[in-house]
Amino acid sequence: MTSATLSSTSLATSEKAASEAGSGTLWLYTVTMLLSALLLFSIQPMFAKMVLPILGGSPSVWAVALAFFQGALLAGYCYAHALIRYLPAKMTGLVHLSFCLFAFLALPIALPESWQEPPQGDAYLWQFGLFAVAIGLPFMAVAANAPLLQAWFARTGHAQSADPYFLYAASNLGSFFALLGYPLLLEPMFGVTSLSGFWMLGYLGLILGLATCFAVVWKRQEASGVAPIEAATGDDRLDRVGPTWQNRLTWIGLAMVPSALLTAFTTHIATDVASAPLIWVIPLALYLLTFVIVFRDGASRSDDDRSVDLLSSIHVGSVFLVFLLLSQNWVGNWFLTSSLGLAAFMSGTLIAHRTLYESRPSARSLTEFYLWMSFGGVLGGLFAALVAPKLFSEVFEYPLILALTLACRPGVVAALKKGDWDLKGGAVKFVAGPVAVFSFAALCAKLGVTFGGWGIALILITLLAIPLFYYQRKPVNQLAVALLMVAVLVVLPTAVHVGNAQRSYFGVYRVLKSDDGQYTVLQHGSTLHGAQRRHDKDGNPVKDLSAVTYYYKGGPIHQAVSRVQNRLGTENPKGRIGVVGLGAGALACYSRKGETWRFYEIDPIVVEIAQSPDFSYMSECQPNADIVIGDARLTVAKEPDESFDLLVIDAFSSDAVPMHLLTREALSLYVSKLKPEGVGVLHISNRYLDLEGVLNATVQGIEGVSMFVFDRVLPNDSYEKTSSRVAVFSKDPHVAHSFLRVRGARTPRYADVKPWTDDASDILGPFLSKIGRR
């Protein structure tokens, strides 16, 4: 064999070995990135589940949790950037591994003993503190891995190390699977206690993976004497001079808008469309999916202009259709509203993240890029979760941020960078446009023109569609038109500006008038929470204390209460009654002389509404009512055992189910507070979940409790009478069986669902069971 042949063979062998080593390095970093993402996005719902018994299930709990996680993510990215920028390459891994081991001391994940009861009213800052103390360190340690692993990979000398951003797609793919897998698979199978232990084992595996990844960098540096970061991505000028403040502000803005939209859209859907359980999973999953789609090798090449133009057209069209639906003063078909909202959300987020990816720097500035991107995400989350609820009485932030997604198109960013827009002409349009639009609205209102009941807002949004699409090639002008549309939606009567609204940590409450003018109605988001007849059909005021909606005389709730009262009628005093959930206060008018009533309400605003002049149940029937503010799991637990003759749990009329009030531990608590012959009543009306099946499965695990269900399905629901379903239970089987004499009473139906506990609550089973019964 010739020397040339030997040399060629040796070279081929060397290249093959290098290829195999490179492939192994890529797989190592990808798997470690996936594991890190799985841990990061499983700790969020896991700990959120742990705090449900003390914080409840309002949309704000999730919004604040999301804002905290974005803040902790920023802390992790700051830490990663500091490591890469200020420490020698060999020290970065040693310091990070030491920090990860230190954070391990905060495990296992659990609720701290000193953080067991939130303050009354708004608990925004308290929840932030709870999350920081309980999971802040391990979350920050795991969060730092996304930019840190990419920065390390850029030093490995791998063929793809010059542009390591594709690893971020792998990270978000892991987050996507964790997000969907946790509530639908992991928690129902194992429960949060076991998962906390599994998470700790996974965390140890992650430390091992990080150590191995860093060993590759260490070996590379030992072999070459340096650990270079190649520069071959994004903007050539960025590669030469590094990021400017204009670049940084661009990254912040492009990350801030979709982050704020994620929270605002989720709040809008949960508040004004359909408060279905786990509704937040869908937009967050799509949000993560946009990173997977965009942050991939070759995703930003300019030969993809056609797809970008198509996406921009879909985005503008879907934003217009969402605004058109919102311009009506009623909430339409929830599926259509949600679908169009998802299209606008997905397209807007894709455009923003694609523009963000286009503006990325070389690997030299990778950690700084993620730092400012995370900072923008935090600002967006804080605005939507904390600032907007204080600033707006209704969910006005949703259309506002949706309009701002038009500012994330590449054309807008380029125009703002170059100053290529008419400041003087734009100022004139900003003044003349609103003046013309609202002058037209005022004239129509003065002349009594309603456009056949469609409303002025819908007509204005339709007319503004002309300049919106006309300015498709002038994105700055298009943005101005979209913002004018937002002004129409938040000023005129529309689906986002309905009635007399108040907003708190627990949601948006609206006091409305019925279409016929006879009833004053209390709505929590899109869900009816109470009503009272205040006028006759001619519009004259009436003093009518008759309970209506779910609580009408002869309905399931009234019959349950009256049967207990009749049994206690011969006793003196006549009994002690507790009611969880105040609503408009209708149940107060079922009280009888000699009885002692106590109400438990989590939101002080609901108490204000029930005691306001809008409703007279409380002022007329129980003017000095005993009302305890706080979550029922905490407040009822403080009552003496065996102290209630009747306990009504009326917290299930909203479709955002407070699961922590229906777990085995919660039911055991209620049972312990009932007298030997006491009765518990659970209002379990729900559009989306088979709560009857869940309750039946859950009660089986509580010894000595008998339960029956009775409901009343009406052919046509109205404010006067609304269909409802209740479950009654008692420790005394004779008392429980006496309710079988009530019309419509029966034993609870069996469903193939798992019982709910504080440790594990399966949502998918009850959801599918409900669909199967329709």
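Refer to the preceding data block for the structure.
Residues numbered from 1 in each chain as written. Predicted model: local features only at pLDDT ≥ 70, side-chain atom pairs only at ≥ 80, totals over all residues. Heavy atoms only, no water.

Looking at this structure, I do not really get the overall build of the protein chain. What am I missing?
In terms of regular secondary structure, the protein chain is built from 25 helices and 12 strands. Considering the protein chain as a whole, with its 774 residues, one finds that 59% of them fall into the buried category. For the protein chain, contacts bridging at least 24 residues in sequence account for 78% of all contacts bridging at least 6. For the protein chain, the computed accessible surface area is about 31600 Å², with 62% contributed by carbon and sulfur atoms. (Helix = DSSP H or I, 4+ residues; strand = E, 2+ residues; numbered from the N terminus. Buried < 20%, exposed > 50% of the residue type's maximum accessible area, 1.4 Å probe, protein only. Contact = heavy atoms within 4.5 Å. Areas by Shrake-Rupley, 256 points an atom, 1.4 Å probe, with all protein chains shown as cover.)

How do you make sense of the pattern of salt bridges when you look at a structure like this?
All chains considered together, the criterion is met by 19 salt bridges. For Arg 598, the salt bridge identified is with Glu 639, shortest N-O distance 2.6 Å. Taken together, the residues span a long stretch of sequence, with Arg 598 in strand β6 (residues 596-601) and Glu 639 in the loop between α21 (632-635) and β8 (644-649) at a distance of 41 residues. A relative accessible area of 23% places Arg 598 in the partly exposed class. Across the pair Lys 673 and Asp 641 runs a salt bridge, and its minimum N-O distance is 2.9 Å. Separated by 32 residues along the polypeptide, Lys 673 in helix α22 (residues 664-673) and Asp 641 in the loop between α21 and β8 bring together distant segments of the chain. Judged by its relative accessible area of 4%, Lys 673 falls in the buried class. A single network of salt bridges, built from pairs that share partners, joins Glu 692, Asp 711, Arg 725, Arg 746 and Arg 749. (Salt bridge = Lys/Arg side-chain N within 4 Å of Asp/Glu carboxyl O.)

Could you clarify how one ought to interpret the packing of helix α3 (residues 89-103) against helix α4 (residues 124-143) in this entry?
Relative orientation of the contacting elements α3 and α4 amounts to 150°, with a least axis distance of 9 Å. Judged on the interaxial angle alone, α4 and α3 are roughly antiparallel. The two elements α3 and α4 cross, and the hand of that crossing is left-handed. Between α3, through His 96, Phe 99, Cys 100, Phe 102 and Ala 103, and α4, the contact on the second element is made entirely by Leu 137, Pro 138, Met 140 and Ala 141. (Axes fitted to C-alpha atoms, helices over the stretch in contact; angles between N-to-C directions. Parallel < 35°, antiparallel > 145°, perpendicular 65-115°, else oblique. Left-handed = near helix turned anticlockwise from the far one by under 90°.)

Please explain helix α13 (residues 397-404) as it appears in this structure.
Turn by turn, an α-helix covers 3.6 residues, leaving residues three or four places apart pointing in a common direction. The buried count for α13 comes to six of eight residues, which makes it a mostly enclosed element. Taken residue by residue, α13 has Glu 397, Tyr 398, Pro 399, Ile 401, Leu 402 and Ala 403 as its buried positions.

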